[in-house]
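For reference, the chains in residue letters:
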Amino acid sequence: MTPELTVLALAGLLQGVQYVLMAVPANLELGIAKTLSPRDPDRLGKPLIDQVSPRTGRLIRALNNHFEALILFTLAVTVVTLSNQSTAFTAACAWVYLAARVLYIPAYAMGLVPWRSLIWATGFLATMAMIVASLI
């Protein structure tokens, strides 16, 4: 397995950890009657994210952000792997992406400005660098 695929697998596990980090406080704050419901807007009154604490709301947004980032990272890993372009540079970029995603969770949960955005940008740029590296 290439280093990039290893990091992709770890990023998938991180997504699972993030889900738990979000789901536990959300269920404690909202109660299972709401979280197990079909979440129809007319029954809830307002979206669940608007009914949780600011920190839990940030954890929800951080989880959603990782879903978005993971799409591009998966694309980068796929291109690098299928084109047999794995190098020390692309492997380093993959690890930078994963480190940025790990750091992003507490940075977002604690509302660290501007660090959250800088951490996000680091992971995004590492992903873009992988794609560019596979083309040259």
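We now turn to the structure provided with this report. (Residues numbered from 1 in each chain as written. Predicted model: local features only at pLDDT ≥ 70, side-chain atom pairs only at ≥ 80, totals over all residues. Heavy atoms only, no water.)

Turning to the packing of aromatic side chains, a few remarks are in order. Applying the stated rule across the entire model yields three aromatic pairs. Judged by centre distance (5.5 Å) and plane angle (85°), the ring pair of tyrosine 104 and tyrosine 108 falls under edge-to-face. On the criterion of helical spacing, the pair formed by tyrosine 104 and tyrosine 108 is a turn pair, its members being four residues apart in helix H5 (residues 88-109). Residues tyrosine 104 and tyrosine 108 agree in their burial class; the two are buried. Here tryptophan 120 and phenylalanine 124 contribute two aromatic rings whose centre-to-centre distance is 5.1 Å and whose plane-to-plane angle is 10°, an arrangement assigned as stacked. Taken as a pair, tryptophan 120 and phenylalanine 124 lie in helix H6 (residues 115-135) at a separation of four residues, close to a single helical turn. Owing to a relative accessible area of 32%, phenylalanine 124 belongs among the partly exposed residues under this scheme. A cation over a ring is seen here: arginine 116 above tyrosine 108, with NZ or CZ 4.4 Å from the ring centre. (Phe/Tyr/Trp six-rings, centres within 6.5 Å; stacked < 30°, edge-to-face > 60°. Helix = DSSP H or I, 4+ residues; strand = E, 2+ residues; numbered from the N terminus. Buried < 20%, exposed > 50% of the residue type's maximum accessible area, 1.4 Å probe, protein only. Lys NZ or Arg CZ within 6 Å of the ring centre and 35° of its normal.)

Our focus in this paragraph is the environment of methionine 110. One can find methionine 110 in the loop between H5 and H6. When the C-alpha atoms of methionine 110 and alanine 121 are compared, they prove to be 18 Å apart, with eleven residues separating the residues in sequence. Those residues in contact with methionine 110 that sit more than four places away from it in its chain are Arg55 and Arg58. (Contact = heavy atoms within 4.5 Å.)

Another point: helix H4 (residues 54-82). Over its 29 residues, H4 extends 42 Å from the first C-alpha to the last, a length consistent with the 42 Å expected when each residue adds 1.5 Å. Phi turns positive, to about 55°, at asparagine 84, one or two residues after H4. (Expected span 1.5 Å × (residues − 1).)

This brings us to the environment of serine 134. Secondary-structure assignment places serine 134 in helix H6. By relative accessible area, which is 11% here, serine 134 ends up buried. Separated by 49 residues in the primary sequence, serine 134 and glutamine 85 place their C-alpha atoms 5.6 Å from one another. Those residues in contact with serine 134, other than ones at most four positions away along the chain, are Val79, Val80, Ser83 and Gln85. Side-chain polar atoms of serine 134 contact the backbone oxygen of isoleucine 131, separated by 2.6 Å. (Polar contact = N/O pair within 3.5 Å; in protein donor to acceptor, adjacent residues only side chain to side chain.)

With that out of the way, let us pick up helix H1 (residues 3-30). In a regular helix each residue adds 1.5 Å, so 28 residues correspond to 40 Å; H1 covers 40 Å between its end C-alpha atoms and thus fits that length. Three or more residues of H1 are buried, namely Glu4, Val7, Leu8, Ala11, Leu14, Gln15, Gln18, Met22, Ala23, Ala26 and Leu30. Taken together, the buried residues of H1 touch helix H2 (32-35), H4, H5 and H6. Phi for glycine 31, located one or two positions after H1, is positive at around 85°.

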